[in-house]
Amino acid sequence: VTELREPTYLAMVALAGEPLHGYGIIKEVQRLSRGRSDLKAGTLYALLDRLETDGLVQVDREEVVDGRLRRYYELTKEGTAVLADESLQRSATSREALRRLRIAGAAL
Amino acid sequence: MKTPEQRARRWLWIYPQAYRERRGEELLATLLDKARDDPRLPVREIRALMVHAGSMRVRQLRIVTIVLCVAVLGAGLGAAVGSLNGSTGYLSTTTVSPAQLGYARTPSPFLTEELRIQSTRFAAFRRTPQAQALLVHFATPSSCSVSVIDTVGSRGVQLQCSSPNAQTAHTVNWDLTQAIGLMFEDEQRATFAHGEA
């Protein structure tokens, strides 16, 4: 995995807390992005397919609620490691951005 | 007026059948959960479904194209080798791997072994109902026999087919590749369904 795009990254962050089903991931991504990211179902399942194929996400369990199948996903060990690495990189970039903005006199 | 479920189900039909069987009900549940917030199926939601379903169909097409290319190349190579050896028959060689069938991005000894078992079963039990149905479907001539089936490391399974003429060897090897691919997919799907149940 060379790059995690924003929706993929947010979905992985959502799964870092606890296993979630499709709609749960969508709601959590909305919350994490403060409403800026509205994950569509087609986009969600495209990225879940990719993450499953890459071994970063796996099915935790299945439940039937109101006659509807809910499949819960969780991060694998490799997924957790990839997310941690990506988060550290993003965090370092953010710190550097803030440092430069302070030097430039931006009001933060 | 259509219910949200009817609308969502209609759009799921744009996905390939195999994908609908694997994820259809789950995808439907997610769409219906979203429909509680907005009962219409927004245009952007439909667009995302179309893009995803389109990519699934392109992927399916790509696998068929790769298998076709390998079969044609293998048949050509086999015929060439056969004529160089001065053999009275024609030999067509094809390599099939789980990756070509869309099941493993990296070499997988386990899936290759599964594929080898399917191939061996097909060669050994060509009179089983499943094999017969596939043979009828692909109109394979019965005069050809599969002489060698072996694994190529952990990458794939090598099929060799000899026949009195090049066209038959080519056709049979192509049919075999298709038939074994379908049997392998059925087996994987059954295993997946069994694992889910």
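These figures come from a predicted structure and were not determined experimentally.

So, on to the overall build of chain B. For chain B, the count of helices and strands is 6 helices and 3 strands. Listed by position from the N terminus, the elements making up chain B come as α-α-α-β-α-α-β-β-α. For chain B, with 197 residues in total, the buried portion stands at 40%. Long-range pairs, those at least 24 residues apart, make up 66% of the contacts in chain B with a sequence separation of at least 6. Accessible surface, chain B: about 11000 Å² in total, of which carbon and sulfur atoms supply 60%.

So, about helix α1 (residues 6–17) of chain A. Across its 12 residues, α1(A) extends 18 Å between first and last C-alpha, which sits within 8% of the 16 Å expected from 1.5 Å per residue. Here α1(A) has its buried residues at T8(A), Y9(A), L10(A), A11(A), M12(A), A14(A) and L15(A).

As a further point, take the interface of chain B and chain A. Counting residues at the interface gives 26 residues for chain B, matched by 24 residues for chain A. Taken together, both faces of the contact between chain B and chain A bury some 2000 Å²; the carbon and sulfur share is 48%. Interface area lost by chain B to chain A is led by R23(B), E26(B) and K34(B), which between them contribute 27%. Here K34(B) ties to D38(A) by a salt bridge, and the two come within 3.6 Å at their closest N and O atoms. Those elements giving two or more residues to the side of chain B that touches chain A turn out to be α1 (4–12), α2 (17–37) and α3 (43–84) of chain B. Here the side of chain B that touches chain A gets 15 residues from one element, more than from any other, and that element is α2(B).

For the rest of this paragraph, the subject is α2(B). Its 21 residues place the ends of α2(B) 28 Å apart at the C-alpha level, agreeing with the 30 Å of an ideal helix rising 1.5 Å per residue. At R23(B), α2(B) shows its largest kink, close to 65 degrees.

By size, the foremost hydrophobic cluster in this structure holds 37 residues, and its most contacted members are M12(A), I25(A) and Y15(B). For this core, the secondary-structure elements that each account for two or more residues are α1, α2 (22–32), α3 (41–53), β2 (68–75) and α4 (77–103) of chain A together with α1, α2 and α3 of chain B. Dropping the residues within four chain positions of it, M12(A) is found in contact with L4(A), L51(A), L56(A), L75(A), G79(A), V82(A) and L83(A).

A word on the packing of aromatic side chains. By the definition in use, this model includes 1 aromatic pair over all chains. Look at Y15(B) and Y19(B): their rings are 5.3 Å apart centre to centre, the planes differ by 15 degrees, and that puts the pair in the stacked class. No difference in accessibility class separates Y15(B) from Y19(B), as the two residues are buried. Here the guanidinium or amino end of R61(A) rests over the ring plane of Y72(A), the centre of that ring lying 3.9 Å away. Here R90(A) stacks its cationic end above the ring of Y9(A), 3.8 Å away from the centre of that ring.

Rules used in this analysis
Residues numbered from 1 in each chain as written. Chains lettered and ligands numbered in written order. Predicted model: local features only at pLDDT ≥ 70, side-chain atom pairs only at ≥ 80, totals over all residues. Heavy atoms only, no water. Helix = DSSP H or I, 4+ residues; strand = E, 2+ residues; numbered from the N terminus. Buried < 20%, exposed > 50% of the residue type's maximum accessible area, 1.4 Å probe, protein only. Contact = heavy atoms within 4.5 Å. Areas by Shrake-Rupley, 256 points an atom, 1.4 Å probe, with all protein chains shown as cover. Expected span 1.5 Å × (residues − 1). Buried area = accessible area lost by both parts, 1.4 Å probe. Salt bridge = Lys/Arg side-chain N within 4 Å of Asp/Glu carboxyl O. Bend = angle between axes of the 7 residues up to and from the residue. Core = buried A, V, L, I, M, F, W, Y, C linked by side-chain atoms within 4.5 Å. Phe/Tyr/Trp six-rings, centres within 6.5 Å; stacked < 30°, edge-to-face > 60°. Lys NZ or Arg CZ within 6 Å of the ring centre and 35° of its normal.

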